[in-house]
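Listed below are the residues making up each chain.
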Amino acid sequence: AALERTYLDALAAYHEAAELTQDVLERATGYISREIDTLAAAPRDRTGLTALVVFNPSSWMRTDICTVDLSLNRAAGITLLDDAEMDVVLEKFRTYGQDAGGTTDSG
């Protein structure tokens, strides 16, 4: 009974700590993203311009694939730059929707 109580207390403390850390992470990344000047290197004509900020909350460099769902104008060129303003390789996996001719695109 004492071991079960200790386990339940530790589990409750773990869940509370996990919730608090998630809240701190969300508030911190929210603050940082609001402070980033994503338009500093943007062209004067910002029509159709969309900023994308990706955070790595880990303390180590990651090389995972980052998947993002975006709604983009098909006629616009797409360029993604990293924090050193170097091109990042993009790969389109899927496109859904209708093109100007009304045909459904998928693939």
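These numbers were taken from a predicted model, which means no experiment stands behind them.

Calculation notes
- Per-chain numbering applies: the sequence of each chain, read as written, is numbered from 1 onward.
- Thresholds applied to this predicted model are a pLDDT of at least 70 for local features of residues and 80 or more for the giving and counting of side-chain atom pairs; totals over whole chains, interfaces and linings are not thresholded and use all residues.
- Only hydrogens and water are set aside when side-chain values are computed; all heavy atoms of the structure are taken into account.
- The helix and strand labels rest on DSSP assignments: H or I over at least four residues marks a helix, E over at least two residues marks a strand, and numbering proceeds from the N terminus.
- The rule is simple: take the accessible area with a 1.4 Å probe, protein chains only, and divide by the maximum for that residue type; under 20% is buried, over 50% is exposed, in between is partly exposed.
- Two residues qualify as a contact provided that any one of their heavy atoms is within 4.5 Å of a heavy atom in the partner residue.
- Residue-level accessible areas treat just the shown protein chains as cover; the underlying method is Shrake-Rupley with a 1.4 Å probe.
- Take a side-chain nitrogen of Lys or Arg and a carboxyl oxygen of Asp or Glu: if they are within 4 Å of each other, that pair is a salt bridge.
- Grouping into patches uses exposed residues only, defined as over 30% relative accessible area, and leaves out salt-bridged ones; the cut-off is 9 Å for like charges and 5 Å for nonpolar side chains (Val, Leu, Ile, Met, Phe, Trp, Tyr).
- Charged residues are defined here as Lys and Arg on the positive side and Asp and Glu on the negative side; His and the ends of the chain fall outside this count.
- Throughout, a charge is located at the NZ atom of Lys, the CZ atom of Arg, the CG atom of Asp or the CD atom of Glu.
- Scored between 0 and 100, pLDDT is the confidence that the predictor attaches to each residue.

Participant: Quick question: what am I supposed to make of the overall build of the protein here?
Facilitator: In terms of regular secondary structure, the protein is built from one helix and two strands. Going from N to C terminus, the protein has its helices and strands arranged as α-β-β. Burial statistics for the protein: of 107 residues in total, 3% are counted as buried. Here the contacts in the protein between residues at least 6 apart in sequence split such that 15% fall between residues at least 24 apart. As displayed, the protein offers around 10,000 Å² of accessible surface, 54% of which is attributable to carbon and sulfur atoms.

Participant: Can you walk me through the pattern of salt bridges in this structure?
Facilitator: Oppositely charged side chains are able to pair whenever their charged atoms sit close together. In total, this model carries three salt bridges according to the counting rule given. Two residues, arginine 27 and aspartate 23, come together in a salt bridge whose shortest N-O distance is 3.4 Å. Remark: aspartate 23 and arginine 27 occur in helix 1 (residues 2–35); sequence separation between them is four residues, near one turn of the helix.

Participant: Looking at this model, I keep getting lost on a nonpolar patch on the surface. Mind explaining?
Facilitator: Together, Tyr31, Ile32, Ile36, Val53 and Phe55 line one region of the surface with nonpolar side chains, adding up to about 420 Å² of accessible area. In this structure, tyrosine 31 sits in helix 1.

Participant: For this particular structure, what's the right way to read a negative patch on the surface?
Facilitator: A grouping of Asp82, Asp83, Glu85 and Asp87 is seen on the molecular surface, where their side chains present a negatively charged patch. Position of aspartate 87 relative to the elements: it lies in the loop between helix 1 and strand 1 (97–98). We classify aspartate 87 as exposed; its relative accessible area is 62%.

Participant: Just to check I follow, could you spell out the environment of leucine 90 for this structure?
Facilitator: Tracing the backbone through its elements, the reader meets leucine 90 in the loop between helix 1 and strand 1. Classification of leucine 90 as partly exposed rests on a relative accessible area of 44%. The spatial distance from the C-alpha of leucine 90 to the C-alpha of leucine 80 is 7.4 Å, given a sequence separation of 10 residues. Apart from the residues lying within four places of it in its own chain, the contact partners of leucine 90 are Ile78 and Leu80.

Participant: Teacher, can you tell me more about the confidence of the model for the protein here?
Facilitator: In low-pLDDT regions, the fine details of the predicted coordinates are not to be read closely. Overall, the predicted model of the protein reaches an average pLDDT of 78, with 78% of residues at or above 70. The weakest mean pLDDT in the protein belongs to strand 2 (residues 104–105) at 44; the strongest belongs to helix 1 at 94. For the stretch residues 100–107, pLDDT sits under 50, and the model shows 13 contacts to residues farther than four places along the chain or on other chains.

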